[in-house]
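Chains, contacts and geometry: an overview
Listed below, chain by chain, are the residues.
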Amino acid sequence: MHAFEWMSPQGIESAARAATTTVAAAMVSERGEPDDEAALLKAGGIDLLDLMKEGLLRPRRLINLRDIAGLERIEEVDGGLRIGPNVTLSQLAAHEQVRMRFRALAEAAGTSASPQIRHLATLGGNLLQRPRCWYLRSRAHHCTRKGGDTCFAFDGENQYHAIFDHKGCAIVHPSTCATALVAFDARLEITGPAGTRRGVSVEDFFLLPEADVHRENTLAAGEIVTAIWLPAPPETARSLHVKHCQTESFDWPLADAAVMLEVADGICRKAAIVLGAAAPAPHRARAAEAALTGQRLGEALIRTAARAALQGAAPLSKNGYKLVIFETLVRRALLAAAAS
Ligand SMILES: Cc1cc2nc3c(=O)[nH]c(=O)nc-3n(C[C@H](O)[C@H](O)[C@H](O)COP(=O)(O)OP(=O)(O)OC[C@H]3O[C@@H](n4cnc5c(N)ncnc54)[C@H](O)[C@@H]3O)c2cc1C
């Protein structure tokens, strides 16, 4: 692996000032050569070091975020939770408040990857990991996301790719936690080099290829995710995360779904249904949500909503099988959430 300098700042602003670019921007070039002057942020390092070992990144310097105090805490604020980006997936999955009130997030975090990886992988890094598309991760393929002019998935091996919103690039968003966070209307706090903060909903943070084919989110160079905010859920909220994997092993899901229902007297007051591994960003199944809202929950209605979750799907040559998986996952999740 390429040699690099190591920097371990104690403060957010000094870390932000040291970062010259983002990982996504460092991988974009005219001829497929990564930026070898880049100074990049590192949390657990699982995705970052993977990309470096694959020769897709060649940074001059890594900026370790793990010595910055305070980024590893989960705090209760105004009935909701403020989660530091350095909280690991295993801490998140084990946290009592997350398990009790944000069950879909605890399930998404607790069933991602393997116990060893969850022990090191941070929530911030999970949201910002790069997609698993084998063309993106192959040095032999200079795809659109890396500055080339072809998305090889369209005419290639697209069995794990997107069935929605894939104009120009067919990646699926890799973060399982993001699926659950969107269902809870979570927000990110992002801090820049001068200490200025901006807030953005997790849903709006992620970009579709139509908006920018070179990156998955709106993070700019020198910005650090400093908190993930979960607003207080109503007493009547019930949530669940379900997924389907190719094998019973530790791997990214072929399809996953997070549902959050607010139910009073058997009537669905609000529904959030989010599909993961379906699109280049977590995919909100709006037609399914609309089918449930204001209606009395029952099996027939849930079947209709699960079918509606596929509205707008445009499968590629080898991933039509995902349609039936998503319909089944959404139906199961809604039935379980309605019964809980
Ligand atoms: C075998 C295997 C199976 C996996 N299965 C799953 C799965 O099922 N679901 C799933 O979601 N993931 C899965 N993963 C991915 C894993 O969860 C992520 O790689 C990990 O969460 C990344 O976190 P990290 O702390 O190591 O991030 P890093 O590798 O350190 O960083 C990742 C990116 O985030 C940026 N970054 C990190 N923190 C911040 C911050 N606070 N502000 C700004 N930028 C930041 C870095 O610059 C980098 O671009 C799997 C990984 C493996 C190896």
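Every residue gets a number counted from 1 within its own chain, in the order that chain's sequence is written. Two thresholds apply to this predicted model, a pLDDT of at least 70 for residue-level local features and 80 or more for giving and counting side-chain atom pairs, whereas whole-chain, interface and lining totals are computed over all residues. Each side-chain value is worked out from all heavy atoms of the structure, with water and hydrogens disregarded.

**Digging into the layout of surface pockets**
For clarity, the threshold we go by: Cavities and pockets are found on a 1 Å grid laid over the protein atoms alone: a cavity is a set of points where a 1.4 Å probe fits but cannot escape, a pocket is an open set with protein on both sides within 12 Å along at least five of seven lines, and a lining residue has an atom within 4 Å of such a point. Grid points are joined across faces, edges and corners, and a volume is the space filled by probe spheres set on the points. Note on conventions: DSSP H or I runs of at least 4 residues are helices, E runs of at least 2 residues are strands, and numbering of each starts at the N terminus. The nonpolar class holds Ala, Val, Leu, Ile, Met, Phe, Trp, Tyr, Cys and Pro. Asp, Glu, Lys and Arg form the charged class, and all remaining residues, Gly among them, are polar.
The volume enclosed by the largest pocket comes to roughly 980 Å³. For the largest pocket, the lining is made up of 49 residues, of which Asp47, Gly125, Asn126, Leu128 and Gln129 are closest to its centre. Mapped onto the lining of the largest pocket, the elements with two or more residues apiece are α2 (23-26), β2 (39-42), α3 (46-53), α7 (115-120), α8 (123-128) and β8 (224-230). The element that contributes the greatest number of residues to the lining of the largest pocket is α3, accounting for five residues. Each residue belonging to the lining of the largest pocket can be placed in one class, and the counts come to 26 nonpolar, 14 polar and nine charged. Space inside the second largest pocket adds up to approximately 430 Å³. The class makeup of the residues in the lining of the second largest pocket is eleven nonpolar, eight polar and four charged.

**Quick look at the sheet that holds strand β4 (residues 74-77)**
Using the following cut-off: The criterion for strand pairing is that DSSP finds at least two bridges linking the strands in question. Orientation is described by lines fitted to C-alpha atoms, with helices fitted over the stretch in contact, and by angles between N-to-C directions that extend from 0 to 180 degrees.
Taken together, five strands build an open sheet; the order of strands is β4-β5-β8-β6-β7 and the sheet is antiparallel. The sheet is open, and its two edges are formed by β4 and β7 (197-201), each paired on a single side. Between one strand and the next, the sheet's axes are offset by a mean angle of 25 degrees, whatever the strand orientation.

**Regarding unusual backbone geometry**
We apply this condition: Buried, partly exposed and exposed residues are distinguished by accessible area as a fraction of the type maximum, computed with a 1.4 Å probe on protein chains only: under 20%, between the cut-offs, and over 50%, respectively.
Despite not being glycine, Asp185 shows a phi value in the positive range, around 55 degrees. Tracing the backbone shows Asp185 in the loop between α9 (176-183) and β6 (187-191). Look at Asp185 and you get partly exposed, because its relative accessible area is 33%. Phi angles above zero are rare outside glycine, and Ala277 is one such case at about 60 degrees. Structurally, the position occupied by Ala277 is in the loop between β11 (267-276) and β12 (283-284). Taking the relative accessible area as the measure of exposure, Ala277 reaches 8% and is therefore buried.

**Describing the site of the ligand**
For the record, the criterion: Note on terminology: near, applied to a residue and a molecule or strand, indicates that one of the residue's heavy atoms is within 4 Å of it. For the purposes of these results, a polar contact is taken to be a pair of N or O atoms within 3.5 Å, where, inside protein, one atom must be able to donate a hydrogen and its partner to accept one; residues adjacent in sequence count only when each atom of the pair is a side-chain atom. The accessible surface values rely on the Shrake-Rupley method and a 1.4 Å probe; as for residues, cover is taken only from the protein chains in view.
Among the 33 residues in the neighbourhood of the ligand, the closest are listed as Leu41, Ala43, Gly45, Thr122 and Thr176. Within the side chain of Asn126, a nitrogen or oxygen atom sits 2.9 Å from an oxygen atom of the ligand. Considered on its own, the ligand offers 990 Å² of accessible surface; in the complex 94% of this is hidden by protein. Broken down by element, the shell around the ligand gets its largest block of residues, four residues, from α8. For the shell around the ligand, the per-class residue count stands at 19 nonpolar, ten polar and four charged.

**Remarks on the environment of Cys169**
Rules: Whether two residues touch is decided by their heavy atoms; if any such pair falls within 4.5 Å, the residues are in contact.
By secondary structure assignment, the location of Cys169 is in the loop between α8 and α9. When sequence neighbours within four positions are dropped, the list of residues in contact with Cys169 reads Thr144, Arg145, Cys151, Phe154, Pro209, Val213 and Pro280.

**Considerations on the pairing of strand β10 (residues 255-264)**
Most of β10 sits inside the fold, with nine of its ten residues counted as buried. Relative to β10, strand β9 (residues 237-244) runs antiparallel, the two being bridged by eight bridges. Looking across to β10, one finds that Val242 is bridged to Ala257. Relative to β11, β10 runs antiparallel, the two sharing nine bridges. Among the inter-strand pairings, Leu261 is bridged to a residue of β11, identified as Ala271.

**Considerations on the packing of helix α12 (residues 299-308) against helix α13 (residues 321-339)**
Threshold: Here a crossing is called left-handed whenever its near helix is offset anticlockwise from the far helix by less than a right angle, and right-handed whenever the offset is clockwise.
For the pair α12 and α13, the least separation of the axes is 8 Å and the interaxial angle reads 145 degrees. Two packed elements cross with a definite hand, and for α12 against α13 that hand is right-handed. Only Glu327, Val330, Arg331, Leu334, Leu335 and Ala338 of α13 make contact with α12, whose side of the interface consists of Glu299, Ile302, Arg303, Ala305, Ala306 and Arg307. Of the residues assigned to the contact of α12 with α13, the class counts are seven nonpolar, no polar and five charged.

**Let's talk about the sheet that holds β12**
Strand order in the open sheet made by the four strands is β9-β10-β11-β12, with antiparallel pairing throughout. Sheet topology places β9 and β12 at the edges, where each strand pairs with a single neighbour. Across the sheet, α9 lies against β9, β10, β11 and β12, angled at about 20 degrees from β10, the strand it touches most. In the packing of α13 onto the sheet, contacts are made with β9, β10 and β11, and the angle to β10 comes to roughly 30 degrees.

**Thoughts on the nonpolar core**
Applicable threshold: Here, nonpolar core refers to any group of buried Ala, Val, Leu, Ile, Met, Phe, Trp, Tyr and Cys residues whose side-chain atoms link them within 4.5 Å.
If you look at the biggest cluster of nonpolar residues, it comprises 39 residues, and the most contacted ones within it are Ile83, Leu105, Leu181, Leu188 and Leu230. Leave out the neighbours within four places in its chain, and Leu188 touches Leu127, Arg198, Gly199, Val200, Val202, Phe205, Val225, Ala227 and Ile228. By size, the runner-up hydrophobic cluster in this structure holds 33 residues, among which are Val242, Ile273, Ala305 and Ala306.

**What about α9?**
Counting buried residues along α9, eight of its eight residues qualify, which places the element largely inside the surrounding structure. Among all positions of α9, only Thr176, Cys177, Ala178, Thr179, Ala180, Leu181, Val182 and Ala183 are buried. N-cap assignment for α9: the residue whose side-chain oxygen lies 3.4 Å from the backbone N of Cys177 is Ser175. Count one or two residues on from α9 and you reach Asp185, which has phi positive near 55 degrees.

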